[in-house]
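Remarks on the overall topology
Residue-level listing of the chains:
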Protein chains: 2
Amino acid sequence: MTTHVIKQMEAGLSTPDTTPDKGISPDAKGAHETPERISEAEHAVMEVLWDGGTASAAQVCDAVGEERGWSLATVKTLLSRLVQKQAVATTPDGRRFLYSPMMERADYVGGESRRLVDRLFGGRAASLVAHLAQSEALTEDDLSEIADLLKDLKS
Amino acid sequence: MTTHVIKQMEAGLSTPDTTPDKGISPDAKGAHETPERISEAEHAVMEVLWDGGTASAAQVCDAVGEERGWSLATVKTLLSRLVQKQAVATTPDGRRFLYSPMMERADYVGGESRRLVDRLFGGRAASLVAHLAQSEALTEDDLSEIADLLKDLKS
DNA sequence: GAGCAATATTTACAAATGTAGTCGTTATGA
DNA sequence: TCATAACGACTACATTTGTAAATATTGCTC
């Protein structure tokens, strides 16, 4: 019976050769719980995937290794955690996996931004902008850029 | 020798009655390491202190207890961690302590904002604003507010 | 003066996170 | 064919975080 395969899927990774049973949808066991939080290290991996679209563990490791000095083992751990969290999907490719992002970068960025705004500015995004403007965080150029941007949005 | 006292200070808390030895400056053992990170729960406590200026553990607990349902024990743990991190100072008051913030709220907010902008927008704050503007995050009112704000800053 | 209530200090413990090592399998090149 | 390198899976382990209980001390009330 299929219990074996299911257990493997729950674990987030299955060996690519053992009958890649695609019969079970990735969220079969209840997927709409609040999308699990992606940690900072995991986010670094996501950036690589968002950038390249799809990559093997080794490729991710190369890409991310320039910044942080992570070992391949570390990258693999992060990838499998991301798979568990259903932020990344795997497709078998020969004896290895290719990893691709399930989550849109814009959604992640939006979520994180919102969290910050909620936590620090009582949910008022304008306050954040005000803060950025008042602290050194925005240069004259930034200000112009934003002004232009607003002009556009005002149609 | 003084090792005993020093150990107590390192632990972040000393009993208020045992000769509150103010001889050793709070950062005697090297304080300029990157200011230790304040966690989310700790931040909730900081908000209370920023709001009230100074408070006893019980007061903090009352204040914060409305949102989160924390026990006094929990609040005390968080307070002592904040003291360790030198984000909060204690002054003996009778048999208890009064806790007051050492860090400016603006600095914390600025730091967190910057971290986000660095991590998610390659350090370009304008990109964050752009993102907020394009996602649902900014209402028409927000946009006007920001526009006004920019007008002011442009002098 | 004895007990109680309020305090601070210590200890606890599970979950998440950062960082990696080990094990088992298998494609591959000599 | 046999060793080896490449992979994924599993295990590991310290640290941080969230959440709190246990313990010790002590001023205050009866």
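Residues numbered from 1 in each chain as written. Chains lettered and ligands numbered in written order. Predicted model: local features only at pLDDT ≥ 70, side-chain atom pairs only at ≥ 80, totals over all residues. Heavy atoms only, no water.

**Re the interface of chain A and chain B**
On the chain B side, the residues contacting the 36 residues of chain A number 36 residues. Roughly 3,400 Å² of surface becomes buried between chain A and chain B when both sides are summed, with 68% attributable to carbon and sulfur atoms. It is Arg-119, Leu-120 and Leu-150 of chain A in chain A that bury the most area against chain B; as a group they hold 17% of the surface buried on that side. On inspection of chain A and its partner chain B, the count reaches four salt bridges. Viewed at the interface, chain B and chain A are joined by 10 residue pairs in polar contact (both at pLDDT 80 or more). Sorting elements by how many residues they give to the side of chain A that touches chain B places helix H5 (residues 105–121) of chain A first, with 13 residues. Grouping the amino acids of the side of chain A that touches chain B by side-chain chemistry returns 21 nonpolar, five polar and 10 charged. (Contact = heavy atoms within 4.5 Å. Buried area = accessible area lost by both parts, 1.4 Å probe. Salt bridge = Lys/Arg side-chain N within 4 Å of Asp/Glu carboxyl O. Polar contact = N/O pair within 3.5 Å; in protein donor to acceptor, adjacent residues only side chain to side chain. Helix = DSSP H or I, 4+ residues; strand = E, 2+ residues; numbered from the N terminus. Nonpolar A, V, L, I, M, F, W, Y, C, P; charged D, E, K, R; others polar.)

**With respect to the confidence of the model for chain A**
For chain A, per-residue confidence averages 80 on the pLDDT scale, and 77% of positions sit at 70 or higher. Segment residues 1–31 of chain A is flagged for pLDDT under 50; beyond a separation of four residues in sequence, or across chains, it makes 28 contacts in the model. (pLDDT = per-residue confidence, 0-100.)

**Digging into the relation of the copies chain A and chain B**
The two copies are related by a screw operation: chain A maps onto chain B through 180 degrees of rotation and 0.0 Å of translation along the axis, at an RMSD of 0.1 Å. In symmetry terms, the pair is related by a two-fold rotation axis. When the interface residues of chain A are mapped onto chain B, 100% of them again fall at the interface, so both copies present the same face. (Least-squares fit on C-alpha atoms with pLDDT ≥ 70 in both.)

**A word on the packing of helix H2 (residues 40–52) of chain B against helix H3 (residues 57–65) of chain B**
All names here are of chain B. At a closest axis distance of 10 Å, the pairing of H2 and H3 adopts a crossing angle of 110 degrees. Relative to H3, the element H2 is oriented roughly perpendicular. Each of Ala-44, Val-45, Val-48 and Leu-49 in H2 lies in contact with H3, whose residues at this interface are Val-60, Ala-63 and Val-64. Each residue belonging to the contact of H2 with H3 can be placed in one class, and the counts come to seven nonpolar, no polar and no charged. (Axes fitted to C-alpha atoms, helices over the stretch in contact; angles between N-to-C directions. Parallel < 35°, antiparallel > 145°, perpendicular 65-115°, else oblique.)

**Brief notes about unusual backbone geometry**
With a phi close to 55 degrees, Gln-86 of chain A is a non-glycine residue in the positive phi region. In this fold, Gln-86 of chain A is placed in the loop between helix H4 (72–84) and strand S1 (88–93).

**Quick notes on the packing of aromatic side chains**
All names here are of chain A. Overall, the coordinates contain four aromatic pairs over all chains when judged by the stated rule. Judged by centre distance (5.7 Å) and plane angle (40 degrees), the ring pair of Trp-50 and Tyr-108 falls under tilted. One end of the pair, Trp-50, is in helix H2 (residues 40–52); the other, Tyr-108, is in helix H5, and 58 residues separate them in sequence. Tyr-108 carries the same exposure label as Trp-50, and that label is buried. (Phe/Tyr/Trp six-rings, centres within 6.5 Å; stacked < 30°, edge-to-face > 60°. Buried < 20%, exposed > 50% of the residue type's maximum accessible area, 1.4 Å probe, protein only.)

**Describing the pairing of strand S1 (residues 88–93) of chain B**
Put simply, side chains in a regular strand alternate between the two faces of the sheet. All names here are of chain B. Across six bridges, S1 lies against strand S2 (residues 96–101) in antiparallel orientation. Looking at S2, one finds that Val-88 is bridged to Pro-101. Hairpin remark: S1 followed by S2, antiparallel, with two residues in the connecting loop; positive phi at Gly-94, about 65 degrees. (Pairing = 2+ DSSP bridges.)

**Focus: the nonpolar core**
Grouped together as the largest cluster of nonpolar side chains are 78 residues, with contacts concentrated most on Tyr-99 and Leu-128 of chain A together with Tyr-99 and Leu-128 of chain B. Sequence-distant contacts of Leu-128 of chain A, defined by excluding residues within four places in its chain, comprise Leu-116, Val-117 and Phe-121 of chain A together with Ser-113, Leu-128 and Leu-132 of chain B. (Core = buried A, V, L, I, M, F, W, Y, C linked by side-chain atoms within 4.5 Å.)

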